[in-house]
Amino acid sequence: MKLRYLYLLTGLLCAGTGFAQQKKAVTAKPTKMDIFINNLMSKMTIDEKIGQLNLLTGGEATTGSVVSTNVEDKIKKGQVGGMFSMTTPSKIRKAQEIAVNNTRLKIPIIFGQDVIHGYKTTFPIPLGLSCTWDMSLIERSARIAAAEATADGLNWTFSPMVDISRDPRWGRISEGSGEDTFLGSEIAKAMVKGYQGDDLSKYNTMMACVKHFALYGAAESGRDYNTTDMSLDRMYNDYLPPYKAAVDAGAGSVMVSFNDINGVPATANKWLMTDLLRKQWGFNGFVVTDYTGINELVEHGLGDLKQVSALSLNAGADMDMVGEGFLTTLKKSVQEGKVKQQQIDKACRLILEAKYKLGLFEDPYRYCNEERAKTEILKPEHLQAARAAAAESFVLLKNQGQVLPLKQSGTIALVGPLANTGANMPGTWSVNSDLANTISLLEGMQKNAGANVKILHSLGSNLVSDATYQEHATMFGREIPRDNRLEKEIIDDALSVAKKADVIVAALGESSEMSGEASSRTSLDIPDSQKRLLEALLKTGKPVVLVLFTGRPLTLTWENENVPAILNVWFGGTEAANAISDVLFGKVNPSGRLTTTFPQNVGQVPIYYSHKNTGRPLEEGKWFSKFRSNYLDVSNEPLYPFGYGLSYTTFGYSNLKLSKSNFKAGQQIQATVTVTNTGTVAGKEVVQLYIRDLVGSSTRPVKQLKGFQKISLNPGESKEVSFQITSEMLKFYNADLKFVAEPGDFKVFIGANSRDNMSGDFKLTL
Ligand code: BGC
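These figures come from a predicted structure and were not determined experimentally. (Residues numbered from 1 in each chain as written. Predicted model: local features only at pLDDT ≥ 70, side-chain atom pairs only at ≥ 80, totals over all residues. Heavy atoms only, no water.)

1. Observations concerning the packing of aromatic side chains
- With the rule as written, the count across this model stands at 24 aromatic pairs.
- Taken together, a centroid distance of 4.8 Å and an interplanar angle of 55 degrees make the contact between Phe 36 and Phe 361 tilted. Placement of Phe 36 in helix 2 (residues 32–43) and of Phe 361 in the loop between helix 15 (341–357) and helix 16 (370–376) is noted, with a sequence separation of 325 residues between them.
- A residue is classified by how much of its surface remains accessible, and Phe 36, at 32% relative accessible area, is partly exposed.
- Here Trp 133 and Phe 642 contribute two aromatic rings whose centre-to-centre distance is 5.6 Å and whose plane-to-plane angle is 55 degrees, an arrangement assigned as tilted. (Phe/Tyr/Trp six-rings, centres within 6.5 Å; stacked < 30°, edge-to-face > 60°. Helix = DSSP H or I, 4+ residues; strand = E, 2+ residues; numbered from the N terminus. Buried < 20%, exposed > 50% of the residue type's maximum accessible area, 1.4 Å probe, protein only.)

So, in structure tokens, the structure goes:
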């Protein structure tokens, strides 16, 4: 009760903050859409209305443990408002025909799907894509995804996933844009724009669904679906802004998350879905639950299915994904007075409005064009964009002695369990990818190396020594065949191949399904058997390049000390193998920058650059001091900081200038720095701007990203890069949850990452 009271209070306090929006003025004149829907709803029975709130699976990709049954029958009875997990114009047309021809009011179905990082043309996993720091590239990836998905019959995607996460144990960190609020918000906007374009009713745009609302990425101990317990300061300043950014960008729908938030699961959380989302943010689309999220409220301990269905609807959920709690219990709850008819009307109206906006009432078959399916999907220019995006997402973590790029002559030994598996290239949550036709790194290198390079291959090790673990980590067709020989024999085989080579490329790390949903890990090391292989390879004395596949930050302390070159390639999508070859052979100079901190060990987690200072921070230059905030066994520093990444060239920063040292609200300061390419090849640099608020009414982070620019420089070339600092950028949610910029001293940092930068000082005055 106390918590509910707090939520209510928060809601009231927030009126007048940045999150509060003017409620739209009630227009006297109803729109064309209002008239159409009023008319339709006036004819609908309560059963027909409840039917619209029901979302079922179409039986293709498995994205949850329950699959809907008797779907055709339910469509005929008007019990299906939406479907997902079904593709192709012919199948979707067939289901749509059943709805339109067999139901009394001929209401079309909305067809959704998890189009997360591309459709058939798969882009890098979102965590990788975020490392491009390139908003137009990210928007274009969503645009291409929408073009292909709509050509295949779909009109609604369960993306963008904007959950901030600072815990690499959580497998779903791979599906988001990393740890940072500002960058995450920029990416959220770009994705919504890419999917929805400027007109949702166009045949090639689709409705976005921002998820998972909210705070799913802060699951305790990194265990999936686990509880979230968070202060309002952290919520408002760090975790909520990306959802808000997606809503402000016009996302048509929101998916509510599985987790408990401060004692009330999101799916039953009225403060979240109604007070915050609708009243404060002014969201006017519909809210869908996550997969069987309502049924899971029973396990959360909130009552039986009838009770929790009423609870969820009353809290603000509009559509029930898969669980059929709404379908089977809401009418009874209305009769018992537990649910008001208006609540059902409101949910039904929002879903019908979505269908109207998508143009489905005008033409239910707008997205069922066989011709488009043949020409749009896997178009050469889409594949080209995916290849370029993948190459931009890779992060060069180390390159001692310029081992990379590889020479296009001589012999390369390509070893490791990730070397010869096309199915593991697209990455987690690529349910629409054609795994059988995705080429492996081995095939990609053979194709791209040129005639003067000989590539030898050996498996080198199993994914992990424990066969059961490997089975869990290679589901959904993403197999890595197991070699049942003794580990020593497998390694010896690789060593005999390595002996014949000039350089060794070790394709190691995680399989695609070691990250993603329900794929949490307590160890963030490269799996045991692979690590032993790497040790053996290093002992040969030959140069070793670690091509690291991963869906999360891993602990690479040992690798960083011992392996000369490490290229983190995440999971790069359909074109991963070509893109990795492009970077390995120097056709593309790597420019990805980390969007999550890489810890030295798991004990440092959660670790993120924008932490608070504490009352006992460690003195500069020290790594341990008694009675200071630190560890006995390891320094506070991460292994690789947020924003970090190397290039085949080097960049120098000089001459940080501020246009003035004081400014008032409404004015601005210009911060300028000179960036020079000090190496011998052309390259791209992500110039990053951070700000620290030195004194505040609440404690403020030691640094916060406030701007970035990705620039290209030829060897020897310099550019002046400028950022405008406004008082708007200095705002934060204070203890009263007011969005304010407080006068006082600030520090500005500009540099190549969150650690290595130049700094200056300025003041905001009244
Ligand atoms: C996931 C969502 C996804 C949904 C539908 C759930 O298990 O949490 O992200 O959109 O399934 O596939």
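2. Quick notes on the packing of helix 17 (residues 380–393) against helix 23 (residues 576–584)
- Closest axis-to-axis distance for the helix 17/helix 23 pair is 8 Å, and the angle between their directions is 50 degrees. In terms of orientation, helix 17 and helix 23 fall into the oblique class. Viewed along their axes, helix 17 and helix 23 form a crossing whose handedness is right-handed. Contacts between helix 17 and helix 23 involve Arg 387, Ala 390 and Ala 391 on the former and, on the latter, Asn 578, Ala 579, Asp 582 and Val 583. (Axes fitted to C-alpha atoms, helices over the stretch in contact; angles between N-to-C directions. Parallel < 35°, antiparallel > 145°, perpendicular 65-115°, else oblique. Left-handed = near helix turned anticlockwise from the far one by under 90°. Contact = heavy atoms within 4.5 Å.)

3. Quick notes on the site of the ligand
- Close contacts around the ligand come from 14 residues, with Thr 63, Asp 114, Arg 172, His 212 and Asp 290 the closest.
- Asp 114 is positioned such that a nitrogen or oxygen atom in its side chain is 2.5 Å from an oxygen atom of the ligand.
- A distance of 2.7 Å is found between an oxygen atom of the ligand and a side-chain nitrogen or oxygen belonging to His 212.
- Starting from 310 Å² of accessible surface for the ligand in isolation, the protein chains cover 99%. (Near = heavy atom within 4 Å. Polar contact = N/O pair within 3.5 Å; in protein donor to acceptor, adjacent residues only side chain to side chain. Areas by Shrake-Rupley, 256 points an atom, 1.4 Å probe, with all protein chains shown as cover.)

4. Overview of the sheet that holds strand 2 (residues 82–84)
- Here we have 5 strands laid out as an open sheet, ordered 4-3-2-1-10, and parallel in their pairing. Looking at strand neighbours, the two that pair on one side only are strand 4 (156–157) and strand 10 (320–321), the edges of this open sheet.
- Here strand 1 (residues 54–57) pairs with strand 10 via 2 bridges, running parallel. Residue pairing for strand 10: Leu 55 is matched across the bridge by Met 321. (Pairing = 2+ DSSP bridges.)

5. Some points on the pattern of salt bridges
- Within the structure shown, the criterion is met by 44 salt bridges.
- Note that Glu 139 is salt-bridged to Lys 193, the shortest N-O span being 3.7 Å. Here Lys 193 lies in helix 8 (residues 181–196) and Glu 139 lies in helix 7 (residues 135–151), a separation of 54 residues in the sequence.
- Note that Asp 318 and Arg 278 form a salt bridge whose closest N and O atoms lie 3.0 Å from each other. Here the residue Asp 318 occupies a position in the loop between helix 13 (305–315) and strand 10, and Arg 278 occupies one in helix 11 (residues 270–280), the gap between them amounting to 40 residues.
- A relative accessible area of 0% means that Asp 318 is categorised as buried.
- In this structure Arg 278 comes out as buried when scored by relative accessible area, which is 15%. (Salt bridge = Lys/Arg side-chain N within 4 Å of Asp/Glu carboxyl O.)

6. A word on the pairing of strand 20 (residues 683–693)
- Among the 11 residues that make up strand 20, 10 are buried, leaving the element largely enclosed by the rest of the structure.
- The pairing of strand 20 with strand 25 (residues 744–751) spans 6 bridges and is antiparallel. Pairing of Leu 689 across the sheet is with Ile 750, part of strand 25.

7. Considering the sheet that holds strand 15 (residues 544–549)
- Read from one edge to the other, the open sheet built from 6 strands follows the order 11-16-15-14-12-13, with strand pairing classed as mixed. Both outer strands of the open sheet, strand 11 (395–399) and strand 13 (453–458), are each paired with one neighbouring strand and no more. When the angles between neighbouring strand axes are averaged without regard to direction, this sheet yields 20 degrees.
- Against the sheet, helix 23 touches strand 14 (503–509), strand 15 and strand 16 (565–568), its axis set at about 145 degrees to strand 15.

8. Things to note about the environment of Pro 108
- Summarising the element assignment, Pro 108 is placed in the loop between helix 5 (89–102) and strand 3 (110–113).
- On the basis of relative accessible area, Pro 108 is assigned to the buried category, the value being 1%.
- When the C-alpha atoms of Pro 108 and Glu 97 are compared, they prove to be 8.4 Å apart, with 11 residues separating the residues in sequence.
- When neighbours within four sequence positions are excluded, Pro 108 is seen to be in contact with Gly 81, Gln 96, Val 100, Lys 355, Leu 360, Phe 361 and Pro 364.

9. Some details on the packing of helix 20 (residues 487–499) against helix 21 (residues 528–539)
- The contact between helix 20 and helix 21 brings their axes to 10 Å, and the two run at 35 degrees. Judged by the twist between their axes, the crossing of helix 20 over helix 21 is right-handed. Seen from helix 20, the contacting residues are Glu 487, Ile 491, Ala 494, Leu 495 and Ala 498; seen from helix 21, they are Ser 529, Arg 532, Leu 533, Ala 536 and Leu 537.
- Split by residue class, the contact of helix 20 with helix 21 holds 7 nonpolar, 1 polar and 2 charged. (Nonpolar A, V, L, I, M, F, W, Y, C, P; charged D, E, K, R; others polar.)

10. Examining helix 17
- Look at helix 17: 20 Å from first C-alpha to last across 14 residues, which is about the 20 Å you get at 1.5 Å a residue.
- Along helix 17, the residues classified as buried are His 382, Ala 385, Ala 386, Arg 387, Ala 389, Ala 390, Ala 391, Glu 392 and Ser 393. (Expected span 1.5 Å × (residues − 1).)

11. Observations regarding the domain arrangement of the protein
- Once the domains are mapped, the protein shows domain 1 (2–20 + 44–373), domain 2 (394–595), domain 3 (600–637) and domain 4 (651–765).
- Between the C-alpha centres of domain 1 and domain 4 the distance comes to 36 Å.
- Tallying the contact residues gives 18 residues for domain 1 and 13 residues for domain 4.
- In this assembly, domain 1 packs against domain 4 so that about 1400 Å² is buried in total across both faces, 67% of it on carbon and sulfur atoms.
- Applying the counting criterion to the domain 1 and domain 4 interface returns 2 residue pairs in polar contact (both at pLDDT 80 or more).
- For the side of domain 1 that touches domain 4, the element with the most residues is helix 9 (residues 232–239), which contributes 4 residues. (Domains from an automatic or database assignment. Buried area = accessible area lost by both parts, 1.4 Å probe.)

12. Describing the confidence of the model for the protein
- Taken as a whole, the protein shows an average pLDDT of 95; of its residues, 96% reach a score of 70 or greater.
- Here residues 1–25 scores under 50 on pLDDT; set against residues more than four positions off or in separate chains, the count is 44 contacts. (pLDDT = per-residue confidence, 0-100.)

13. Re the environment of Ala 467
- Mapped onto the elements of the fold, Ala 467 is located in helix 19 (residues 467–472).
- Look at Ala 467 and you get partly exposed, because its relative accessible area is 39%.
- Separated by 246 residues in the primary sequence, Ala 467 and Ser 221 have C-alpha atoms spaced 25 Å apart.

14. Section: the state of the cysteines
- Taken as a whole, this structure holds 0 disulfides when the rule is applied.
- Here Cys 209 is not disulfide-linked; the sulfur of Cys 348 is the nearest cysteine sulfur, at 18 Å.
- The class of Cys 209 is buried, set by a relative accessible area of 0%. (Disulfide = S-S within 2.5 Å.)

15. Concerning the nonpolar core
- Counting residues in hydrophobic clusters, the biggest one holds 133 residues, and the most contacted among them are Trp 156, Phe 213, Leu 240 and Phe 286.
- No other element matches the 9 residues that helix 7 contributes to this core.
- Looking at which domains feed residues into this core, each of domain 1 (2–20 + 44–373) and domain 4 (651–765) supplies at least three.
- With sequence-adjacent residues up to four places away left out, Phe 286 is seen in contact with Ile 110, Trp 156, Met 207, Gly 252, Ser 253, Val 254, Arg 278, Asp 318, Met 319, Leu 350, Ile 351 and Ala 354.
- If you look at the next biggest cluster of nonpolar residues, it comprises 75 residues, including Ala 473, Leu 533, Ile 566 and Phe 571. (Core = buried A, V, L, I, M, F, W, Y, C linked by side-chain atoms within 4.5 Å.)

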